[in-house]
Amino acid sequence: MKKKEIIHSLNQLIQGEYMSIEAFNIYISKVQDAKIKQIFQQVQNQHRENIKNLSHYIQELGGQPDENVGLKGSMAQMKINMQTSPKIAPSDYIKKSIEGMTKGITMIEKLLRGDLDQTSRKLVEKVLQKDRASIEQLKNLQ
């Protein structure tokens with residue numbers, strides 16, 4: 001795979017990570033339970049760490065990280081905002097976050113089936129592993 005294609009693929013992953021951060025911003029603002037908020041913040045911070053690592057590698061490849069959620073992400077944020085309320089049970093926010101992260105994992109797995117260089121593959125596998133661990137954290141809240 002050419003560097004340009006690798007950079008494009010990694011930027012798609014970054015956009016997904018930003019979408020996750022924004023979704024958790026919304027969930028954190030709506031949930032009142034301190035323990036759930038804390039776990040949501042931990043998961044959100046993990047997504048931030050993923051972005052940092054992916055961005056750094058993109059720059060090493062000579063590319064520029066795409067640091068916005070794009071149109072698709074903006075539409076998803078609007079949808080999440082419309083489906084949230086402080087009156088919704090915390091368990092519903094946990095369920096929504098697990099569903100969202102599961103979709104993200106599917107995207108990452110698809111990316112891994114592509115033709116990545118060895119360093120990119122290891123980096124993406126690490127993101128996948130961390131996201132799976134985050135889902136387990138969220139499941140333990142149920």
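Worth saying up front: this structure is predicted, and the values here are computed from it rather than measured.

Asker: Would you mind going over the overall build of the chain with me for this structure?
Answerer: On a plain count of helices and strands, the chain comes out with five helices and zero strands. Ordered by position from the N terminus, the helices and strands of the chain form the series α-α-α-α-α. Counting every position in the chain, which comprises 142 residues, the buried fraction comes to 41%. Across the chain, contacts joining residues at least 24 apart in sequence account for 76% of those joining residues at least 6 apart.

Asker: Would you take a moment to explain the packing of helix H1 (residues 3–30) against helix H4 (residues 90–112) for this structure?
Answerer: Helix-helix packing is described using two parameters, namely the angle between the two axes and the distance between the axes. In contact at an axis separation of 11 Å, H1 and H4 are set at 175 degrees when each is read in the N-to-C sense. It follows from the interaxial angle that H1 and H4 lie roughly antiparallel. Together, Ser9, Gln12, Leu13, Phe24, Tyr27 and Lys30 of H1 and Tyr93, Lys96, Ser97, Met101, Met107, Ile108 and Leu111 of H4 make up the contact between the two elements.

Asker: I keep staring at the packing of aromatic side chains and nothing clicks. Help me out?
Answerer: In this description, a pair of aromatic rings is defined by centroid distance and the angle of the planes. According to the stated counting rule, one finds four aromatic pairs in the structure shown. Ring geometry for Phe24 versus Tyr27: centroids 5.9 Å apart, planes at 85 degrees, classification edge-to-face. With Phe24 and Tyr27 both in helix H1, this residue pair falls three residues apart, about one helical turn. Neither residue differs from the other here; Phe24 and Tyr27 are each classed as buried. Between Tyr27 and Tyr93, the ring centres sit 5.6 Å apart and the planes meet at 55 degrees, which makes this aromatic pair tilted. Here the residue Tyr27 occupies a position in helix H1, and Tyr93 occupies one in helix H4, the gap between them amounting to 66 residues. Note on accessibility: Tyr27 and Tyr93 belong to one class, buried. Feature note: the residues Phe24, Tyr27, Phe40 and Tyr93 constitute an aromatic cluster, connected by ring pairs.

Asker: I would appreciate a short explanation of helix H2 (residues 34–60) in the present structure.
Answerer: Owing to its 3.6 residues per turn, the α-helix aligns residues three or four sequence positions apart on the same side. Compared with an ideal rise of 1.5 Å per residue, which puts 27 residues at 39 Å, H2 spans 39 Å between its outermost C-alpha atoms and is within 8% of the ideal. Of all the residues in H2, the buried ones are Ile36, Ile39, Phe40, Val43, Gln44, His47, Asn50, Ile51, Leu54, Ser55, Tyr57 and Ile58. Buried positions along H2 lie against H1, H4 and helix H5 (118–139). In this structure Asp33 caps H2, since a side-chain oxygen of it lies 3.0 Å from the backbone nitrogen of Lys35. Positive backbone phi, approximately 95 degrees, marks Gly62, located one or two places after H2.

Asker: Whenever I open this one, H5 confuses me. Can you help?
Answerer: Between the first and last C-alpha of H5 there are 32 Å, a value that for 22 residues agrees with the 32 Å anticipated at 1.5 Å per step. Residues of H5 that are buried: Ser120, Leu123, Val124, Val127, Leu128, Asp131, Ser134, Ile135 and Leu138. Considered in projection along H5, the buried side chains sweep an arc of 140 degrees and stay on one side of the axis. Facing away from the buried side of H5 by over 90 degrees, the exposed positions are Gln118, Lys122 and Gln129. Looking at the buried positions of H5, the neighbouring elements they touch are H1, H2 and H4.

Asker: So what exactly am I meant to see when it comes to the environment of Ser134 here?
Answerer: Mapped onto the fold, Ser134 is located in helix H5. Spatially, the C-alpha atoms of Ser134 and Gln42 are 8.5 Å apart, while their sequence positions differ by 92 residues. Once you skip the residues sitting within four places of it in the chain, Ser134 turns out to touch Val43, Gln46 and Met101.

Criteria and thresholds
Residues numbered from 1 in each chain as written. Predicted model: local features only at pLDDT ≥ 70, side-chain atom pairs only at ≥ 80, totals over all residues. Heavy atoms only, no water. Helix = DSSP H or I, 4+ residues; strand = E, 2+ residues; numbered from the N terminus. Buried < 20%, exposed > 50% of the residue type's maximum accessible area, 1.4 Å probe, protein only. Contact = heavy atoms within 4.5 Å. Axes fitted to C-alpha atoms, helices over the stretch in contact; angles between N-to-C directions. Parallel < 35°, antiparallel > 145°, perpendicular 65-115°, else oblique. Phe/Tyr/Trp six-rings, centres within 6.5 Å; stacked < 30°, edge-to-face > 60°. Expected span 1.5 Å × (residues − 1). Polar contact = N/O pair within 3.5 Å; in protein donor to acceptor, adjacent residues only side chain to side chain. Arc of directions from axis to C-beta.

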